[in-house]
Amino acid sequence: MSKLFVRKVAVLGAGVMGAQIAAHLANADIPVVLFDLAAPEGNPDGIVGKALDGLKKLKPAPFGAADRPGLIEPANYNDALGKLAGCDLVIEAIAEKFEWKEDLYKKIAPHVKPGTIIASNTSGLSINKLAEAMPDAHRPNFCGIHFFNPPRYMALVEIIPCITSDAGMLDHLESWLTTRLGKGVIRALDTPNFVANRVGVAWLLMVAHHTERLGLSFDEVDALTGARIGLPKSATYRLLDVVGMDTMDHVINTMKNGLPNDLWHRYYGVPAWAQALIAKGAIGQKVGAGVYRREGKVTKVLDLKMGDYRESAGAVVPEVDAILKVKDPAKRLRQLRAADHPQAQLLWAVHRDIFHYCAVLLAEIAHSARDVDLAMRWGYGWSRGPFELWQAAGWREVAAMVAEDIAAGQAMANVPLPDWVSQVDGVHGADGSWSASAGRRVSRSTLPVYTRQLVPDLLVGEKSAVAGRQVWANEGVRLWVRDDVDPGIAILSVTTKMHSLGRDVILGVKEAVVLAERDFAGLVIWHEAPFAVGANLKEVAEAVAAGRFDEIDQHVAAFQQAAMTLRYAGVPTVAAVQGMALGGGCELAVAVARRVVAFESYIGLVEAGVGLIPAGGGCTHFARRAAALAAQAAYGEPFPFLQNPFTQIAQGQTSGSALEARAMGFLESADTIVFNPHELLYVALRQARALAEAGYAPPARPNAIAVAGRTGIANCEMALTNMRAGNQISDHDYRVARAAAVALCGGEIEAGSLVGEQWLLDIERREFVALLKTPETQARIAYMLETGKPMRN
């Protein structure tokens, strides 16, 4: 198959998954035709229209920006099958009924052009059986493509080949999913529920089994099996509510019916209490009741002993809490096994049983242990997969403990560990990951797309293939290069906790620019998420407590100088942004020549939350930008271009995606949005090199910026006065917002006055320090440091 170009996609089925898959394709600027049944009355595309309206209200948001629904065209099977001829990829996402899928394939086949990929989003039906419903001509381009819910946020996509799938087609599809949609792709075997759901559902059933055996409550188990052990905070029973009992019923029955000879088959059943909930329609979050339900502001949980809901109050007992705080995973697992408390017994039992399950079934369910671990990371949100957890705790010691429990009849299945377990000392290493079917370790995929991932997801036992060469460092930053990629572009990485921007970082930024101008062709700022959470508030609070306001003023001036050093550097500077870029982090990002931004980036000037305004060039950025936009407009007045930035700063708004960040003015049209965060550094280095090769020159320092002045300030005050009168903001909110208005509008001068950049920087710094002297702002800072949350006073 030639290289895959996907210009348009058809999604068949506008249900929960189909509609959200369409939304994420739209996020990636891919036009989509979204099909469903014709509505029985009114607009024939009404079913799809209703689904799209529902997406706009869904949380977390499937769309990355408000304009994305415009890329989705509603259609129905009665009138619009001819539109399939213009699509390069068709994703089927209808209900999990084989006969329905078979009928639909027959209906669409005559309308799909040769070479189009047709893929089913089935979560567990046999791909080879589905392929039999396809005409012979389409079978080489047919496969499974299993997205995880919600598709925008869950990285995993399982590609499941059938025996007739073209190898080249699969390679191109994997590459496209990886870069264009930002997915982590696993090639799964055609077994019931594939990889992630096979292991994930087994885990949930194991937890349910031991919950009942040990007499623990649902909320108690959720306190144990969430973030405390490296799993999402939805844990076990909250996850069942999120997924839906009806969906879990189907997935569990797929395993039960499709795996009659499985050694764990007797556990593949929906628990009686879950069946009772399903019978009552209490299937989870989508109907407002399941294991949990909300009553006003109170969360209640089903208590099986009471036969009713009670207020949720599950907690980890102190003795188990102490064990979970043990940093050494080997010691922690030993102590859980030895402890008598039912909470500890549950945690040891579910770990033992999932280790046992994955080892025995590895050859059947996955090509390698790597696929199992990455599937659980990417599809279920585990921080480490089951084999990683085992290896981190000591492979041979854990294997011996599991074997002892099997021999004692304590494990859920009476089958010994496979022989290969005793022949290895871990499944992951520098030479690859263990494949039970191959009887050896196998390396990662060699598809060219993965050369773009300079910092891939590494598993326990793996090491980065290439270490960077350090050029310079201090306590806050590290300057280094990747000689294997581009020895002429320097990389600056912040090394502080959460990449907060203290004195060492500011000094490091300035020194990095000096070294880059002297020895390199460009400079990239990159480190793993978050990009930066802003100023080091602890440093600020200590200086305020000591009354060192002159020192603070000098520190803010130094930050401004660092930002301007990046902006006017003689070599191209590129910020590779992923995750949060807040406050000062946002100000550094807007200062550079170009930004390469991961789609899931949350960018904003949030200083108002601690009673401050942006003073590292953030207000100056928007004042300068407004003047430039006004110069392009017929009337030339900057204030209309300041209204949105004023609201954003006053309310501490943050973008919900890179697309929103662009709409908010934090990204320019020339900036690049990258969907796969593992490709961020690669693209940023290429961008810096391209700018250098094109003869990059920094922008000239503006000395005649037209400002909105006191007229603009008065306009902002009018809105603030109304908000204060309506008790929407406090007196101090008013003061903070007015300070932002003064900085954005260039101070109390005539509208249209021309000022230099330093004038604007001086004003924002002055207003920042003045706010720091107020008791209200000092209280907000103290509260943020104590609780991690903003305070309104």
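Along each chain, the written sequence defines residue order, and numbers are assigned to residues from 1. Given that the model is predicted, a residue must reach a pLDDT of at least 70 before its local features are reported, and side-chain atom pairs must reach 80 or more before they are shown or counted; all residues, however, enter totals for whole chains, interfaces and linings. The side-chain numbers reported here are obtained from all heavy atoms of the structure, hydrogens and water having been left aside.

Colleague: Honestly, the overall build of the protein in this entry has me stumped. Any pointers?
Modeller: On a plain count of helices and strands, the protein comes out with 29 helices and 23 strands. Accessible area is worked out with a 1.4 Å probe on protein chains only. A residue is then buried under 20% of its type maximum, exposed over 50%, and partly exposed in between. Across the 793 residues of the protein, 55% fall into the buried class. Residues count as neighbours in contact if any of their non-hydrogen atoms are within 4.5 Å of one another. Taking all contacts inside the protein whose residues are at least 6 apart in sequence as the whole, residues at least 24 apart take part in 71%. Residue exposure ignores everything except the shown protein chains as possible cover, and the areas themselves are Shrake-Rupley values with a 1.4 Å probe. Accessible surface computed for the protein: about 32,200 Å², of which carbon and sulfur atoms make up 53%. The numbering of helices and of strands both runs from the N terminus, where a helix is a DSSP run of H or I of at least 4 residues and a strand a run of E of at least 2.

Colleague: For this particular structure, what's the right way to read the sheet that holds strand 13 (residues 432-435)?
Modeller: Think of a sheet as strands paired side by side through backbone hydrogen bonds, with each pair either parallel or antiparallel. The strand order across the open sheet formed by three strands is 12-13-14, and the pairing between neighbours is antiparallel. The two strands at the open ends of the sheet, each matched to only one other strand, are strand 12 (428-429) and strand 14 (440-442). Think of it this way: DSSP has to see at least two bridges between two strands before they count as a pair. The sheet contact formed by strand 13 and strand 14 spans three bridges and is antiparallel. By the bridge assignment for strand 14, Trp434 is matched with Arg441.

Colleague: Sorry if this is basic, but what is going on with the side chain of Glu764 here?
Modeller: Considering the arrangement of structural elements, one finds Glu764 in helix 28 (residues 757-772). Pairs of N or O atoms within 3.5 Å make up the polar contacts considered here, provided that, within protein, one atom can donate a hydrogen while the other can accept it, and that residues adjacent in sequence are counted only when both atoms are side-chain atoms. Of the polar contacts made by the side chain of Glu764, one reaches the backbone nitrogen of Thr620; its length is 3.0 Å.

Colleague: What is the right way to look at the sheet that holds strand 5 (residues 117-120) in this model?
Modeller: Pairing is mixed in the open sheet, where eight strands are placed in the order 3-2-1-4-5-6-7-8. Whereas interior strands pair on both sides, the edge strands pair on one side only; in this sheet they are strand 3 (72-76) and strand 8 (184-187). With strand direction ignored, the average angle separating the axes of adjacent strands in the sheet is 25°. Pairing geometry for strand 1 (residues 9-12) and strand 4 (residues 89-92), over four bridges, is parallel. Paired with Val11 across the bridge in strand 4 is Ile91. Every angle, taken between N-to-C directions, lies between 0 and 180 degrees, and every axis is a line fitted to C-alpha atoms, over only the stretch in contact when it is a helix. Sitting on the sheet, helix 5 (residues 167-180) touches strand 4, strand 5, strand 6 (142-147), strand 7 (156-161) and strand 8, and the angle it makes with strand 6 is about 25°.

Colleague: Can you walk me through the packing of aromatic side chains in this structure?
Modeller: The geometry of an aromatic ring pair is captured by two quantities: the separation of the ring centres and the angle between the planes. Only Phe, Tyr and Trp rings take part, Trp by its six-membered ring, and two of them pair if their centres are within 6.5 Å. Stacked means planes under 30 degrees apart, edge-to-face means over 60, and tilted covers everything else. Within this structure, the stated rule accounts for 17 aromatic pairs. Ring geometry for Phe355 against Trp390: centres 5.5 Å apart, planes inclined by 25°, an arrangement best described as stacked. Highlighted residues: Phe355 in helix 13 (residues 342-365) and Trp390 in helix 15 (residues 386-392), separated in sequence by 35 residues. Of the two residues examined, Phe355 and Trp390, each falls in the buried class. An aromatic cluster is defined as three or more aromatic residues linked by ring pairs; in this entry it consists of Phe355, Phe387, Trp390, Trp395, Trp420 and Trp434. Here, a charge over a ring is recorded when the distance from Lys NZ or Arg CZ to the ring centre is within 6 Å and its angle to the ring normal is within 35 degrees. The positively charged end of Lys129 is found above the aromatic ring belonging to Phe98, 4.5 Å away from the centroid.

Colleague: Please clarify how the pattern of salt bridges should be interpreted in this entry.
Modeller: Should their charged atoms come close, side chains of opposite charge can pair. What counts as a salt bridge is simple: a side-chain nitrogen of Lys or Arg found within 4 Å of a carboxyl oxygen of Asp or Glu. If you walk through the whole model with that rule in mind, you get 53 salt bridges. Measuring nitrogen to oxygen at the nearest pair gives 3.1 Å for the salt bridge that ties Arg689 to Glu693. You can see Arg689 and its partner Glu693 sitting in helix 25 (residues 680-693), four residues apart, about one turn around the helix.

Colleague: Explain the pairing of strand 7 to me, please; I cannot follow it from the model alone.
Modeller: Across a regular strand the side chains alternate sides, sitting on one face of the sheet and then on the other. Burial analysis of strand 7 places five of its six residues in the buried class, the great majority of the element. Pairing between strand 6 and strand 7: five bridges, direction antiparallel. Across the sheet, residue Phe147 finds its bridge partner in strand 7, namely Val157. In terms of strand pairing, strand 7 meets strand 8 through four bridges, oriented parallel. Residue pairing across strands places Ile159 opposite Arg187, the latter belonging to strand 8. Between strand 7 and its parallel partner strand 8, the chain crosses via helix 5, and the hand of that crossover is right-handed. For crossovers, right-handed means that the path from the first strand over the helix to the second runs clockwise, given strands pointing away from the viewer.

Colleague: Can you walk me through the packing of helix 20 (residues 549-567) against helix 21 (residues 584-591) in this structure?
Modeller: Helix packing geometry: the angle between the two helix axes and the distance between the axes. Interaxial distance between helix 20 and helix 21 falls to 8 Å at its minimum, and their mutual angle equals 30°. Regarding the angle of helix 20 to helix 21, the classification is roughly parallel. On helix 21, the residues touching Phe559, Ala563, Leu566 and Arg567 of helix 20 are Gly584, Glu587, Leu588 and Ala591. Classification convention: Asp, Glu, Lys, Arg as charged; Ala, Val, Leu, Ile, Met, Phe, Trp, Tyr, Cys, Pro as nonpolar; all other residues, Gly among them, as polar. Per-class residue counts for the contact of helix 20 with helix 21 are five nonpolar, one polar and two charged. In this scheme, roughly parallel covers angles under 35 degrees and roughly antiparallel covers those over 145, while 65 to 115 is roughly perpendicular and the rest are oblique.

Colleague: So what exactly am I meant to see when it comes to unusual backbone geometry here?
Modeller: With the exception of glycine, the majority of residues adopt a negative phi angle, and the majority of peptide bonds are in the trans configuration. Across the junction of Asn149 and Pro150, the peptide omega takes the value 0°, indicating a cis bond. As for its placement among the helices and strands, Pro150 is situated in the loop between strand 6 and strand 7. Put simply, Ala529 and Pro530 share a cis peptide bond, and its omega is 0°. Tracing the chain through its elements places Pro530 in the loop between strand 18 (522-525) and helix 19 (537-545). For Met498, which is not a glycine, the phi torsion comes out positive at approximately 55°. Inspection of the secondary structure puts Met498 in the loop between strand 17 (489-494) and helix 18 (503-519). With a relative accessible area of 41%, Met498 lands in the partly exposed category. A positive phi is found at Asn727, a non-glycine position, where the angle reads about 60°. Mapped onto the secondary structure, Asn727 falls in the loop between helix 26 (709-725) and helix 27 (731-745). Judged by relative accessible area, Asn727 falls into the exposed class, the value being 65%.

Colleague: What should I look at first to understand the nonpolar core in this one?
Modeller: A general feature of soluble globular proteins is that nonpolar side chains tend to end up buried together. Membership of the largest hydrophobic core comes to 124 residues, with the highest contact counts inside it found for Leu25, Trp176, Leu177 and Phe666. The dominant element in this core, judged by the number of residues it contributes, is helix 27, at ten residues. Contacts of Leu177, omitting those with residues within four sequence positions, involve Ile145, Phe147, Val157, Ile159, Gly182, Lys183 and Val185. Judged by nonpolar contacts, the second largest core, of 123 residues, contains Ile94, Ala208, Tyr237 and Trp434. For the purposes of this section, nonpolar cores are sets of buried Ala, Val, Leu, Ile, Met, Phe, Trp, Tyr and Cys residues that join through side-chain atoms within 4.5 Å.

Colleague: Looking at this structure, I do not really get the environment of Phe355. What am I missing?
Modeller: We classify Phe355 as buried; its relative accessible area is 2%. The spatial distance from the C-alpha of Phe355 to the C-alpha of Trp390 is 7.0 Å, given a sequence separation of 35 residues. Look past the residues within four positions of Phe355 in its chain and what remains in contact with it is Leu333, Pro386, Leu389, Trp390 and Val398.

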